[in-house]
Amino acid sequence: MNVRVSFRPDLSVPLRCAEGDDTRGPGGDDQIGIATKTRAKPKKPSQFKVLMLNDDYTPMEFVVMVLKRFFHMDLEQATRVMLHVHQRGVGVCGVYPYEIAETKVNQVMDFARQNQHPLQCTLEKA
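Residues numbered from 1 in each chain as written. Predicted model: local features only at pLDDT ≥ 70, side-chain atom pairs only at ≥ 80, totals over all residues. Heavy atoms only, no water.

This brings us to the side chain of lysine 104. Mapped onto the elements of the fold, lysine 104 is located in helix 3 (residues 98-114). It turns out lysine 104 is buried and unbridged, and the closest side chain with the opposite charge, glutamate 99, is 13 Å from it. In this structure the side chain of lysine 104 is engaged in a polar contact, spanning 2.7 Å, whose partner is the backbone oxygen of phenylalanine 70. Lysine 104 has contacts with Phe70, Phe71, His72 and Tyr96, leaving out every residue within four places of it along the chain. (Helix = DSSP H or I, 4+ residues; strand = E, 2+ residues; numbered from the N terminus. Buried < 20%, exposed > 50% of the residue type's maximum accessible area, 1.4 Å probe, protein only. Lys, Arg positive; Asp, Glu negative; His and termini not counted. Salt bridge = Lys/Arg side-chain N within 4 Å of Asp/Glu carboxyl O. Polar contact = N/O pair within 3.5 Å; in protein donor to acceptor, adjacent residues only side chain to side chain. Contact = heavy atoms within 4.5 Å.)

Its 17 residues give helix 3 an end-to-end C-alpha distance of 24 Å, which sits within 8% of 24 Å, the value for a rise of 1.5 Å per residue. Among the residues making up helix 3, those that are buried are Ala101, Lys104, Val105, Val108, Met109, Phe111 and Ala112. Burial along helix 3 is one-sided: seen end-on, the buried residues are contained in an arc of 165°. Opposite the packed face of helix 3, turned more than 90 degrees from it, sit the exposed residues Glu99, Arg113 and Gln114. In the core, the buried residues of helix 3 are packed alongside strand 1 (47-53), helix 1 (60-71), strand 2 (90-97) and strand 3 (120-125). Looking one or two residues beyond helix 3, the residue adopting positive phi is glutamine 116, at roughly 60°. (Expected span 1.5 Å × (residues − 1). Arc of directions from axis to C-beta.)

Pairing between sheet strands relies on hydrogen bonds along the backbone, with the strands arranged either parallel or antiparallel. Taken together, the three strands give an open sheet; going across it, the order is 2-1-3, and neighbouring strands pair in antiparallel fashion. Both edges of this open sheet fall to strand 2 and strand 3, since each of them pairs with a single strand only. Strand-to-strand twist in this sheet, taken as the mean axis angle between neighbours without regard to direction, amounts to 30°. Here seven bridges tie strand 1 to strand 2, and the two strands are oriented antiparallel to one another. The residue of strand 2 that forms the bridge with phenylalanine 48 is tyrosine 96. Those strands touched by helix 2 (residues 75-88) are strand 1 and strand 2, and its axis lies near 125° from that of strand 2. Of the strands in this sheet, strand 1, strand 2 and strand 3 touch helix 3, which is tilted by about 165° from strand 3. (Pairing = 2+ DSSP bridges. Axes fitted to C-alpha atoms, helices over the stretch in contact; angles between N-to-C directions.)

As structure tokens, this is what we get:
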């Protein structure tokens with residue numbers, strides 16, 4: 001029968017240096033401290049807006065399909081964004097970190113080209 005014993009030190013008790021160590025403070029008293037490790041908080045990545053540009057040739061149904069397929073919008077939201085792009089000339093499809101935004105722009109542009117539509121998509125810093 002194997003018995004496994006592990007020792008877990010009590011972290012609430014401060015560690016003292018052995019006698020003879022020269023760790024006395026200016027007043028001659030022992031210095032007791034807790035070793036801490038600081039962690040740098042990771043910086044949030046910069047966000048980028050994916051923008052769709054209006055043109056006079058791409059069918060509205062195709063734009064709705066792109067918004068549903070690449071930006072995971074439901075029919076109502078995709079229709080609303082498509083109408084905004086149609087009426088205002090440009091609309092925001094989503095906001096993402098740079099790499100994701102760039103990938104979405106490339107996916108949309110490739111898909112539009114494959115389907116022979118001049119749909120344009122770009123990104124800008126949010």
